[in-house]
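Descriptive structure summary
Chain by chain, the residues:
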Amino acid sequence: MRRDVRGSEAYWNKWVDYSVGRIKTMREKSDEPGDDDYLPQYLFELAIRHLVLMLERYSRGDDVRDLSRHFDGLLEAWENAERLGRHVWNSETQFTRHSWAVNLDHYIDCFWLIGLALTLKIPDAEWQRLLILVGNEGEDTLLDRVIASRQPDRKIGGKLCFPKAYQRLLDVVEAPKADQSGKLRTFVEHWYPSLKNAGSPSFPPAYRTPYWYAYGDQNFQGGAYFGRWCIEAVAVATAFDIADTACLDHPNYPGDLRQDNRSPRYPDPESAVPPLQPPPSAAKRGWLSRLLGK
């Protein structure tokens, strides 16, 4: 049964199959003669399609142990994008593509990939490849600490890039052990609403909120929706060995990434698009990705 509260088995089957086919097509096209200036971006989009496929498969209810096999294709595409991009992207483009501080979408993508790497326990060789691609050592005190849980020599940043969205998660890391579980639940409850306009006021207005924020609310059947999973929370729970049972019933918490068969499962609904409502307890309480066509 599905892990995601939305959609149907047919919906998830359709879009998982689409992503599998899209990855195959993109790989083939990337080897054909074409626009060399666009190829680095095309390869980066291929890398992100692997991430989308992992999230779609998790949403569908697939065995978590099988998700990590998509990392190698993701890393290879991203590495090739960076290799070719050095000859295409100017210094300003390089900065806006890579810096967490100026790119909310990239920060979240990196956080999700680090979280998946930690929970899925990818091999050391893939982990080191991922760290090279993620970069930004010493730029963010939260994500640097999460990375340091597996890479102890990681330099820790002195500031939080996006405090509106992630101060509560940093509070979890810094809280006494006895308070961490409750604070983790609080973060999960606030996670999705806090992402709206989480980017700096200096960002263009359209890029202050994650590119995927409204996926699922509009044109659901178009297939853009891949789930709304607070991977940042399960990454912190894994990195710092925090009890997360208080979060397991929350529809945005991907608890099965840490240990399978703990999170709720949902039978096929009568309607493929039930209304998306926040949990009762929540009722009270990059830009570059769109620019690049993710």
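Details of the structure are given in the entry above.
**Points about the overall build of the protein chain**
- Counting secondary structure elements, the protein chain contains eleven helices and zero strands.
- Reading the secondary structure of the protein chain in the N-to-C direction produces α-α-α-α-α-α-α-α-α-α-α.
- What you see for the protein chain is a C-alpha radius of gyration of 18 Å, in line with the 19 Å of a compact globule of 294 residues.
- Seen along its three principal axes, the alpha-carbon backbone of the protein chain occupies a region of about 55 × 50 × 40 Å.
- When the accessible surface of the protein chain is summed, it comes to about 13100 Å², and 52% of that surface belongs to carbon and sulfur atoms.
- Taken together, the 38 basic and 41 acidic charged side chains of the protein chain have centroids lying 4 Å from each other.

**Remarks on the nonpolar core**
- In terms of nonpolar packing, the biggest core is built from 80 residues, with Phe71, Trp78, Tyr107, Ile114, Leu142 and Tyr166 touching the most fellow members.
- Those residues in contact with isoleucine 114 that lie beyond four places of it in its chain are Trp127, Leu130, Leu131, Val134, Leu143, Val146 and Ile147.
- Within the second largest apolar cluster, five residues are counted, among which are Tyr11, Trp12, Phe220 and Tyr225.

**Points about the pattern of salt bridges**
- This model, assessed by the stated rule, comprises 22 salt bridges.
- Its salt-bridge partner being arginine 65, residue aspartate 63 comes within 2.7 Å of it at the nearest N-O pair.
- In this structure aspartate 63 comes out as partly exposed when scored by relative accessible area, which is 31%.
- A single salt-bridge network, built from bridges that share partners, covers Arg57, Arg60, Asp62, Asp66 and Arg69.

**Topic: empty space enclosed by the protein**
- Taken as a whole, the largest cavity encloses approximately 50 Å³ of empty space.
- Surrounding the largest cavity, Arg3, Tyr58, Trp229, His250, Pro251, Tyr253, Ser263, Pro264 and Tyr266 form its lining.
- Its residues assigned to classes, the lining of the largest cavity shows six nonpolar, two polar and one charged.
- Roughly 40 Å³ of volume is contained in the second largest cavity.
- Lining of the second largest cavity is provided by Phe44, Trp78, Glu82, Arg97, His98 and His106.
- Elements with a contribution of two residues or more to the lining of the second largest cavity: α3 (71-85) and α4 (91-98).
- A breakdown of the residues in the lining of the second largest cavity according to their chemical character gives two nonpolar, two polar and two charged.

**Focus on the packing of helix α9 (residues 177-194) against helix α10 (residues 231-239)**
- One way to put it is that α9 packs onto α10 with a least axis distance of 10 Å and a crossing angle of 165 degrees. Judged by the angle between their axes, α9 and α10 are roughly antiparallel. Between α9 and α10 lies a crossing whose hand is right-handed. Of the residues in α10, those in contact with Leu184, Phe187, Val188 and Trp191 of α9 are Glu232, Ala233 and Ala237.

**Observations concerning the side chain of threonine 141**
- Of note, threonine 141 is situated in helix α7 (residues 141-148).
- Excluding residues within four positions of it along the chain, threonine 141 makes contact with Ile156, Gly157, Gly158, Lys159, Leu160 and Leu170.

Scoring rules and cut-offs
- Residues numbered from 1 in each chain as written.
- Predicted model: local features only at pLDDT ≥ 70, side-chain atom pairs only at ≥ 80, totals over all residues.
- Heavy atoms only, no water.
- Helix = DSSP H or I, 4+ residues; strand = E, 2+ residues; numbered from the N terminus.
- Rg over C-alpha atoms; globule rule 2.2 N^0.38 Å.
- Areas by Shrake-Rupley, 256 points an atom, 1.4 Å probe, with all protein chains shown as cover.
- Lys, Arg positive; Asp, Glu negative; His and termini not counted.
- Charge placed at Lys NZ, Arg CZ, Asp CG, Glu CD.
- Core = buried A, V, L, I, M, F, W, Y, C linked by side-chain atoms within 4.5 Å.
- Buried < 20%, exposed > 50% of the residue type's maximum accessible area, 1.4 Å probe, protein only.
- Contact = heavy atoms within 4.5 Å.
- Salt bridge = Lys/Arg side-chain N within 4 Å of Asp/Glu carboxyl O.
- 1 Å grid on protein atoms, 1.4 Å probe; cavity = no way out; pocket = protein on both sides within 12 Å on 5 of 7 lines; lining within 4 Å.
- Points joined across faces, edges and corners; volume = space filled by probe spheres on them.
- Nonpolar A, V, L, I, M, F, W, Y, C, P; charged D, E, K, R; others polar.
- Axes fitted to C-alpha atoms, helices over the stretch in contact; angles between N-to-C directions.
- Parallel < 35°, antiparallel > 145°, perpendicular 65-115°, else oblique.
- Left-handed = near helix turned anticlockwise from the far one by under 90°.

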